[in-house]
Amino acid sequence: MSTMANTNTATLRGERADLFQALANARHFLRFTAQGLNDEQASKRTTASELTLGGLIKHVTGVEEQWQGFIDNGRAAMAWDGADFSQMPPEAIEAFHTEFRMQPGETLEALLESYTQVADRTDALLAEVDLDTVHELPSAPWFVDTHWSVRRTLLHIISETTQHSGHADIIRESLDGQKSMG
């Protein structure tokens with residue numbers, strides 16, 4: 001769970017409190033799916049998908065950190081801005097896929113600690129940043145919009161975390177039958 005090292009959550013009110021709570025809930029369910037697992041279990045594929053629990057936590061951490069950069073610096077923070085993914089060299093594609101996999105030497109404990117650190121930074125941003133600040137989105141085929149506010153960016157982080165929490169729940173249930181709910 002996020003420690004909120006730099007932020008007093010008791011001071012959050014209204015919309016900020018709602019955004020914080022929605023993100024805290026999504027993070028809770030993602031972390032819940034990994035409780036009690038060892039590194040081997042966290043790196044095991046249990047479905048037709050390439051996804052693993054450790055890989056999902058690693059991915060969500062990286063995505064949240066990337067969007068922090070966008071909140072702070074806009075489009076310039078997105079390394080893949082304008083990249084033509086169909087023309088990427090194989091090593092760049094492999095590097096992208098590595099974000100979804102636990103690598104030799106990586107541990108679930110370290111991935112969860114990294115996630116906590118990134119979450120704390122996002123929480124601090126949420127408490128202080130102007131939610132109405134708008135940045136131009138990077139060029140990418142999956143964006144319909146051209147600009148996002150900080151508020152919309154935070155909603156995207158919540159959506160991304162929630163979506164991957166659902167993936168994690170399916171992977172965990174396939175691993176050992178444990179479910180987040182039900």
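These lines cover the structure that appears in this document, whether it is placed above or below. (Residues numbered from 1 in each chain as written. Predicted model: local features only at pLDDT ≥ 70, side-chain atom pairs only at ≥ 80, totals over all residues. Heavy atoms only, no water.)

### With respect to the side chain of Q68
Okay, so step 1: Among the secondary structure elements, Q68 is positioned in helix α3 (residues 53–73).
Okay, so step 2: Engagement of the side chain of Q68 in a polar contact is seen with the backbone oxygen of V118, the distance being 2.7 Å.
Okay, so step 3: In contact with Q68, not counting residues within four places along its chain, are V118, R121, T122 and L125. (Helix = DSSP H or I, 4+ residues; strand = E, 2+ residues; numbered from the N terminus. Polar contact = N/O pair within 3.5 Å; in protein donor to acceptor, adjacent residues only side chain to side chain. Contact = heavy atoms within 4.5 Å.)

### Overview of the pattern of salt bridges
Okay, so step 1: Tallied over the entire structure, the rule returns nine salt bridges.
Okay, so step 2: A salt bridge links E15 to R151, with the shortest nitrogen-to-oxygen separation between them at 2.3 Å. With E15 in helix α1 (residues 14–32) and R151 in helix α6 (residues 150–176), the pair connects residues that are 136 residues apart, well separated along the chain.
Okay, so step 3: A relative accessible area of 36% means that E15 is categorised as partly exposed.
Okay, so step 4: For R151, a relative accessible area of 23% puts it in the partly exposed group. (Salt bridge = Lys/Arg side-chain N within 4 Å of Asp/Glu carboxyl O. Buried < 20%, exposed > 50% of the residue type's maximum accessible area, 1.4 Å probe, protein only.)

### Here's the deal with the nonpolar core
Okay, so step 1: Within the largest apolar cluster, 22 residues are counted, with the highest numbers of intra-cluster contacts made by W67, L131 and L154.
Okay, so step 2: Listed by contribution, the elements that provide at least two residues to this core are α1, α3, α5 (108–128) and α6.
Okay, so step 3: Discounting chain neighbours no more than four positions away, the residues touching W67 are M78, L137, F143, W148, T153, H156 and I157. (Core = buried A, V, L, I, M, F, W, Y, C linked by side-chain atoms within 4.5 Å.)

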